[in-house]
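Structural features, examined
This is what each chain is made of:
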Amino acid sequence: LLAEVSEKAKFDGYTDPAASEKKLFRNVFKTGDVWFNSGDLLRDLGFKHAQFVDRVGDTFRWKSENVSTTEVEQVLNAFEQIKESTVYGVEVEGQPGRAGMAAIVAEGDPSKVDLKALTTYLREQVPAYAVPVFIRFVDSLEVTGTFKHRKVELRKEGYDPAAMKSAPYVLFHGATQYEPITPEMYHDIRAGQHRL
């Protein structure tokens, strides 16, 4: 969804001029025009109707498929032991694309979350390529001023247990449930010794 910036529809921008400029597309349809990039992907339904599909940039590729973070988050958030989640892709050495990872705020004690039931539930609700390879539990999720989850720091930490206060979990190919990542396991994953 692009919105034309004009005298009638001005774009005041953000406090950071560089961030403002990133949201503007120039010379799109004709020389001199300026458009605001909303970051939303819409589907044209015809009859002047449009449907929200996803946030552009809130997708990643894994196993040659596009994964919609919004779709996986909705499924996770419907699981009774999960209060809130955010999904993002993380780089895994030697693997093309990005593996799915979810940061989860549990309903109550994270150690009481039934990981086997969660694994079964995810496999029933989303395609195999969209089931997060990694999960981690967090106390809360940071949001921006427009209530979008902050994912930059989460992506940087990846699945390294040394980068977080509680160990993340991994779901190996063919496994029945998520298991905690030990430092040794982390190095083995990086060395390509496990199938994801």
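Residues numbered from 1 in each chain as written. Predicted model: local features only at pLDDT ≥ 70, side-chain atom pairs only at ≥ 80, totals over all residues. Heavy atoms only, no water.

1. Let's talk about the environment of Asp44
This is how the line gets drawn: Secondary structure elements are taken from DSSP: a helix is a run of H or I of four residues or more, a strand is a run of E of two residues or more, and numbering for both begins at the N terminus. Distance and chemistry together define a polar contact, namely a pair of N or O atoms within 3.5 Å, with one atom able to donate a hydrogen and the other to accept it when in protein, and with adjacent residues in sequence counting only for side-chain atoms on both sides.
Of note, Asp44 is situated in strand S4 (residues 40-46). From its side chain, Asp44 meets the backbone nitrogen of Gly46 in a polar contact 2.8 Å long.

2. Structural notes on the sheet that holds strand S1 (residues 2-4)
Pairing between the strands of a sheet is mediated by backbone hydrogen bonds and can be parallel or antiparallel. Our working definition: Paired strands, as defined in this entry, are two strands with at least two bridges between them according to DSSP. For helices, the axis comes from a line fit to the C-alpha atoms of the stretch in contact; other axes are also lines fit to C-alpha atoms, and the angle between any two N-to-C directions lies between 0 and 180 degrees.
The antiparallel open sheet is built from 3 strands, whose spatial order is S1-S3-S2. Looking along the sheet, the strands with just one partner apiece sit at the ends: S1 and strand S2 (24-26). Taking the axes of each pair of neighbouring strands and ignoring which way they run, one obtains an average angle of 35° across the sheet.

3. Quick word on the side chain of Asp33
Note the following rule: Each residue is placed in one exposure class: buried if its accessible area under a 1.4 Å probe, protein chains only, is under 20% of its type's maximum, exposed if it is over 50%, and partly exposed if it falls in between. Here Asp and Glu are counted as negative and Lys and Arg as positive; His is not counted, and neither are the chain ends. Each salt bridge in this description consists of a side-chain nitrogen of Lys or Arg and a carboxyl oxygen of Asp or Glu lying within 4 Å of one another. By definition in these notes, contact holds between two residues if any of their heavy atoms fall within 4.5 Å.
Note on placement: Asp33 falls in the loop between S2 and strand S3 (34-37). Of the side chains with opposite charge, Lys30 comes closest to the buried, unpaired Asp33, at an N-O distance of 6.2 Å. There is a polar contact of 2.7 Å between the side chain of Asp33 and the backbone nitrogen of Val28. In this structure the side chain of Asp33 is engaged in a polar contact, spanning 2.8 Å, whose partner is the backbone nitrogen of Phe29. Beyond its immediate chain neighbours, meaning those up to four positions away, Asp33 contacts Phe25, Arg26, Asn27 and Val28.

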